[in-house]
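Remarks on the overall topology
Chain by chain, the residues run as shown.
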Amino acid sequence: MIQLADFSTLIAEHENKQAYRICVRLYFLWVLKSLKEQNAIVWLPDKTNSTYANELRDTDIQQTFNYLAYVYEYVWYGEFVLTDADYLKAKEAFEQFIMKGGAK
């Protein structure tokens, strides 16, 4: 599923509904997809974010990934309600990582 997802379209649809928690989840899955495509991680559905972080060889990428994982876990599992400003800050961090190519 992760390989076939059109994350930009899905995120835009949920942004229109202000479903920011779902957007953060989609952004995090997009990060995983990006890292998988660059062979920086081996994606498996039962791996933890800590396991993925340990697979990353570049410490800068690992630190950024750890921050994005923290944001995702806090928002998704903590059921944190995002304000527009909160979401824009998270969105910027995810997009910077993805647009830079993640692990490139």
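Scope of this entry: the structure provided in the associated data block.

Compared with an ideal rise of 1.5 Å per residue, which puts 16 residues at 22 Å, helix α5 (residues 84–99) spans 21 Å between its outermost C-alpha atoms and is within 8% of the ideal. Buried within α5 we find Y87, A90, K91, A93, F94, F97 and I98. All buried residues of α5 lie within an arc of 165° about the axis, which places them on one face of the element. α5 presents A85, L88, K89 and M99 as exposed residues on the side facing more than 90 degrees away from its buried surface. On its buried side, α5 packs onto α1 (7–16), α2 (20–37) and α4 (59–76).

Tallying each qualifying case throughout the model produces 3 salt bridges. The partner of E15 in a salt bridge is K91, and the shortest N-O contact between them spans 2.9 Å. With a gap of 76 residues between them, E15 in helix α1 and K91 in helix α5 connect regions that are remote in the sequence. With relative accessibility at 21%, the residue E15 sits in the partly exposed group. Here K33 ties to E37 by a salt bridge, and the two come within 4.0 Å at their closest N and O atoms. Separated by 4 residues within a single helix, K33 and E37 lie in helix α2, roughly one turn from each other.

Running from amino to carboxyl end, α4 crosses α5 at an angle of 145°, the nearest separation of the two axes being 11 Å. α4 and α5 meet at a crossing whose hand is left-handed. Of the residues in α5, those touching α4 at I61, T64, Y67, L68 and V71 are K89, A90, A93, F94 and F97. Taken together, the residues of the contact of α4 with α5 sort by class into 8 nonpolar, 1 polar and 1 charged.

Assignment of secondary structure puts E79 in the loop between α4 and α5. By relative accessible area, E79 is classed as exposed at 59%. Taking the C-alpha atoms as reference points, E79 and S8, 71 residues apart in sequence, are found 23 Å from one another. With residues near it in sequence (within four places) discarded, E79 still touches R21 and Y74.

By the definition in use, this model includes 9 aromatic pairs. Where Y74 meets F80, the ring centres are 5.0 Å apart and the plane angle is 40°; that geometry is what we call tilted. Residue Y74 is classed as partly exposed on the basis of its relative accessible area, which comes to 41%. These aromatic residues form a ring-pair network of at least three members: F7, Y27, W30 and F94. Over the ring of W76 we find R21, and its NZ or CZ is 4.7 Å from the ring centre.

Conventions we followed
Throughout, a residue's number is its position along its own chain's written sequence, starting from 1. Only residues with pLDDT of at least 70 get local features here, since the model is predicted, and only at 80 or more are side-chain atom pairs given and counted; chain-wide, interface and lining totals rely on the full set of residues. As a rule here, side-chain values come from all non-hydrogen atoms in the structure, and water together with hydrogens is ignored. Think of it this way: any DSSP run of H or I at least four residues long counts as a helix, any run of E at least two long counts as a strand, and we number them from the N terminus. By this rule, a helix spans an expected 1.5 Å times one less than how many residues it contains. Residue exposure (1.4 Å probe, protein chains only): buried if accessible area is under 20% of the type maximum, exposed if over 50%, otherwise partly exposed. Note that the arc is defined by the directions from the helix axis to the C-beta atoms. Only heavy atoms matter for contacts: two residues are in contact if any of them lie within 4.5 Å across the pair. Salt bridges are counted wherever a side-chain nitrogen of Lys or Arg sits within 4 Å of a carboxyl oxygen of Asp or Glu. Axis definition: a line fitted to C-alpha atoms, limited for helices to the stretch in contact. Angles are taken between N-to-C directions and run from 0 to 180 degrees. Crossing handedness is read from the near helix: turned anticlockwise from the far helix by less than a right angle, it gives a left-handed crossing, and turned clockwise, a right-handed one. Basically, the charged four are Asp, Glu, Lys and Arg, the nonpolar ten are Ala, Val, Leu, Ile, Met, Phe, Trp, Tyr, Cys and Pro, and anything else, Gly included, counts as polar. The rule is short: rings of Phe, Tyr and Trp, with Trp giving its six-membered ring, pair when the centres are within 6.5 Å, and they are stacked under 30 degrees, edge-to-face over 60, tilted in between. Think of it as a cone above the ring: NZ of Lys or CZ of Arg counts as a charge over the ring if it is within 6 Å of the ring centre and within 35 degrees of the ring normal.

The values are spatial; any link to function lies outside them.
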